[in-house]
Amino acid sequence: MRYLLGADLGTTAIKVGLYDESGIKIATASEDYDLLTPSPEAVEYPAEAYWHVFKRVLKKVLDKANVDKRLIASFSISAQGETLVFLDENGKPLHNFLVWLDNRAQDESTDLGTLFPQNELHRATGQSELLAIYPCSKILWFKRHHPELFKRTSKILLIEDYFFYRL
C-alpha cells in the first residue's frame, strides 16, 4: 500500500492529511495560529513560525498514522494566495511574510495602475485592476519602505514556493 500526503497552508491554520492510494483517510491534524497585525492595513506572520507549525502538524499526522514513511508516494501543498516572503542570498527570510490579507500597498497599487492601463492589464493577466494585496504591489511597497532589506533580497517566494524551497 502506498500513501498520499497533503498539506494546506491556510490563512489561520495549517492542516496535514495522509491518505491511502484509494483515498481513504489514514490520519489528519491541524494547528491554528494568530496572524500579526502591526497596523490596521498590515497582516504578517514570521516565516520560521509557519515552518514550525508545519513540522509539528506533520509529525502529529505521521505519528498518528504509524506507516512506513518510505511508502509515501506523493506530497502536495495547497496554499493561501498572494502571501509572500523576501529571502537573502542564503535563503533566510529578511522580513515576516506579507499575508495575502495585507492591504498596506494602496499607494503602490495606484502607482502601478497608472503604468498599466486597465484594458492591457486585463488582456495580459485576466485581472480587472491592480490591488494592494497583489504581489507586485507588495513588492513595490517593500522596496519603498525597506530599501536596505530590498537591496539584500535574492529571492521573493510565495508561501507554497517557500515550503517547497525548505523541503
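Residues numbered from 1 in each chain as written. Predicted model: local features only at pLDDT ≥ 70, side-chain atom pairs only at ≥ 80, totals over all residues. Heavy atoms only, no water.

**Student:** Please provide a residue-by-residue account of the sheet that holds strand β1 (residues 3-9), values included.
**Tutor:** If you trace the 4 strands from one edge of the open sheet to the other, you get β3-β2-β1-β5, paired in mixed fashion. Strands at the two margins of the open sheet, each flanked by one partner only, are β3 (25-32) and β5 (72-79). Taken over all neighbouring pairs, the strand axes of this sheet differ in orientation by 10° on average, direction set aside. By the bridge criterion, 7 bridges tie strand β2 (residues 13-20) to β3 in an arrangement that is antiparallel. The residue of β3 that forms the bridge with Leu18 is Ala27. Running at roughly 150° to β3, helix α1 (residues 47-65) makes contact with β1, β2, β3 and β5 of the sheet. Where helix α6 (residues 159-166) meets the sheet, it contacts β1, β2 and β5, and its direction lies at approximately 150° from that of β5. (Pairing = 2+ DSSP bridges. Helix = DSSP H or I, 4+ residues; strand = E, 2+ residues; numbered from the N terminus. Axes fitted to C-alpha atoms, helices over the stretch in contact; angles between N-to-C directions. Contact = heavy atoms within 4.5 Å.)

**Student:** Before we move on, can you summarise the environment of Val16 with the specific residues and values?
**Tutor:** Among the structural elements, Val16 can be located in strand β2. Spatially, the C-alpha atoms of Val16 and Ser137 are 31 Å apart, while their sequence positions differ by 121 residues.

**Student:** Tell me about the packing of α1 against α6, and please be specific about residues and values.
**Tutor:** In contact at an axis separation of 11 Å, α1 and α6 are set at 65° when each is read in the N-to-C sense. Comparing their axes, α6 and α1 come out roughly perpendicular. Helix-helix and strand crossings are classified by hand; for α1 and α6 the assignment is right-handed. Taking contact as the criterion, the partners of Ala47, Glu48, Tyr50, Trp51 and Phe54 in α1 are, on α6, Ile159, Tyr162, Phe163 and Arg166. Residue composition of the contact of α1 with α6, grouped by class: 7 nonpolar, no polar and 2 charged. (Parallel < 35°, antiparallel > 145°, perpendicular 65-115°, else oblique. Left-handed = near helix turned anticlockwise from the far one by under 90°. Nonpolar A, V, L, I, M, F, W, Y, C, P; charged D, E, K, R; others polar.)

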